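# A structural walkthrough
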Amino acid sequence: MGKRSFLSLILMLVSSITIQAQSKKWTLEECVKYAIQNNISIKQTELDSKTAAIDKKGAIGNFLPSLNANASHSWNIGLNQDITTGLLQNKTTQFTSAGANIGIDIYKGLQNQNTLRKANLSIVAAKYQLQKMQEDVALNVANAFLQILFNKENLKVQLEQLGINQKQYSRSEELVSAGSIPRGDLLDIKATVASNNQNVIAAENALLISKLSLAQLLQLKEFESFDIIDDTNAKDENNILAQTPAAIYDKAKENKIELKIAKTNLEIAEKNVAIAKGAFQPTLQGFYSFSSRVAYSDRVVGVLPNTSNPTSIVGYVQGTNQNVLQNNFSPVLGKALPFWDQFSNNKGQSFGAQLSVPIFNGFSARNNVERSKVSLEKSKIALEQQDLDLQRNVFTAFTDAKGALNAHESSIVALESRQEAYNYAKEKYAVGLMNSFDFNQSQTLLTNAQSEVLRTKYDYIFKIKILEFYFGIPIIKN
């Protein structure tokens, strides 16, 4: 295969993929799933879940011992105490020290245990918040999806009316030429066609804006080529209106995320009170410490001539700190011991337990407890309010869905009547028994009736979705 043939094949494949991407029509299920995976608000809520998981790791860490190491090295230049004689001399001495400390909480008023329980509850609350955000996005996507469907059908209605009026305009020209109708009627029809053109443009803009709104919810950049499947079936497939509002409310109390969040927040508030009360109790901590040191000096210790016993240097050096001399210097040669020998000789350890009993802290602990109790009361009220809101929302949603169904059925009856009236007006106008103004009025009423059917249809579909949502039926089936 030649180079040109290969490039042509690549271009054909790219073009085919582009055409398929542009011609793809999204279903409601695809839109909801894509939004849940890519919506910015959902991603932010997912980060809150990660933060809650990190807080749990910190709560677990409170049960583990703390380990800290330290080391230092210092130079003392000038008038210093000689580390072998104890006399003050102008010289340079060096000191190296190192150590490690271990501490662990034995008892801390059960604050660590309650903090861990609170962290676990916070993870649960974060999961509920994420689920709520996903449900909110799903509802918004469903609403935006239905808005596109409404705008699509509304555009079809406007185009259909434009086509009818254009044909009517041509027919009116023939009637004017034949002298059947006055020329003024032709001008009225021409104005009506112009008005229909404006309605078509407005409907096209509304459709484009609704597509943009849904594309933004999905985080899509190419919204101009974005389109959805025309699913315009308005049915109560789950027969949700056969349920009573009380039954839907009872079901909602079991499934609604808002109530679960409020209950979890109440449990978290109870743990905050327990943590605050723990500050009144004594704390007991265990500790262990290890340390050692090494000393250096620029002075070399001499040995007395003709001394048969080298160890007598200990008595020879007047004022010498015996322990320092014996630990850090060789009695034979009067030289400093090697680093690791000094480190081993000077090591020390300490361990024990420390008890701390709070007596008075400026009302800090008491104020924290009172503040936590206030937050607990707020959480209780929030739970009660959430229950009341849920009950009101369920009964309102049920009433709205019933009303939307009645409105849609009434709009269908009205449309049938308007269609018959328009057909009768059209016949009268064709034989000159009706003027153009009355005929245009009949046509306008028909168009309004068609739009009202569409509006009530999608309003009914969305309100049924809301009612199903309260009953625990998801927007899309997993």
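Described below are features of the structure shown in this document. Not measured: the values here are computed from a predicted model. (Residues numbered from 1 in each chain as written. Predicted model: local features only at pLDDT ≥ 70, side-chain atom pairs only at ≥ 80, totals over all residues. Heavy atoms only, no water.)

We now examine the overall build of the protein chain. Looking only at helices and strands, one finds twelve helices and six strands in the protein chain. Buried residues in the protein chain amount to 33% of all 478 residues. Once local pairs closer than 6 in sequence are excluded, the contacts in the protein chain between residues at least 24 apart make up 82%. Within the structure as shown, the protein chain displays about 28,400 Å² of accessible surface, and the carbon and sulfur contribution to it stands at 55%. (Helix = DSSP H or I, 4+ residues; strand = E, 2+ residues; numbered from the N terminus. Buried < 20%, exposed > 50% of the residue type's maximum accessible area, 1.4 Å probe, protein only. Contact = heavy atoms within 4.5 Å. Areas by Shrake-Rupley, 256 points an atom, 1.4 Å probe, with all protein chains shown as cover.)

Formed by 59 residues in total, the largest nonpolar core has its most connected members in Val 141 and Leu 214. Elements supplying a minimum of two residues to this core: α2 (28-38), α4 (111-178), α5 (183-217), α6 (245-255), α7 (257-277), α11 (364-430) and α12 (436-470). Looking at this core, the element that brings in the most residues is α4, giving 15 residues. The residues touching Val 141, leaving out its near neighbours within four places in the chain, are Leu 28, Cys 31, Val 32, Ala 35, Leu 214, Leu 217 and Leu 218. Counting seven residues, the second-largest nonpolar core is a separate cluster that includes Ala 425, Tyr 429, Met 434 and Phe 439. (Core = buried A, V, L, I, M, F, W, Y, C linked by side-chain atoms within 4.5 Å.)

Let's shift gears to the packing of aromatic side chains. Counted according to the given criterion, the structure contains six aromatic pairs. A centroid spacing of 5.4 Å and a plane angle of 80° characterise the contact between Phe 360 and Phe 363, whose relative ring orientation is edge-to-face. Among the residues examined, Phe 360 registers a relative accessible area of 62% and is labelled exposed. (Phe/Tyr/Trp six-rings, centres within 6.5 Å; stacked < 30°, edge-to-face > 60°.)

The subject of this paragraph is the side chain of Glu 135. Examined against the element boundaries, Glu 135 turns out to sit in helix α4. Salt bridges are absent for the buried Glu 135, whose nearest opposite-charge side chain, Lys 256, sits at 4.2 Å. Excluding its chain neighbours within four sequence positions, the residues that come into contact with Glu 135 are Lys 256, Ile 257 and Phe 469. (Lys, Arg positive; Asp, Glu negative; His and termini not counted. Salt bridge = Lys/Arg side-chain N within 4 Å of Asp/Glu carboxyl O.)

Turning our eyes to something else, we now look at α2. Every α-helix carries 3.6 residues per turn, so stepping three or four residues along brings you back to the same face. For α2, every residue scored as buried is listed here: Leu 28, Cys 31, Val 32 and Ala 35. The arc that holds every buried residue of α2, seen down its axis, measures 95°, which confines them to one face. Packed against the buried residues of α2 are β1 (25-26), α3 (40-61), α4 and α5. (Arc of directions from axis to C-beta.)

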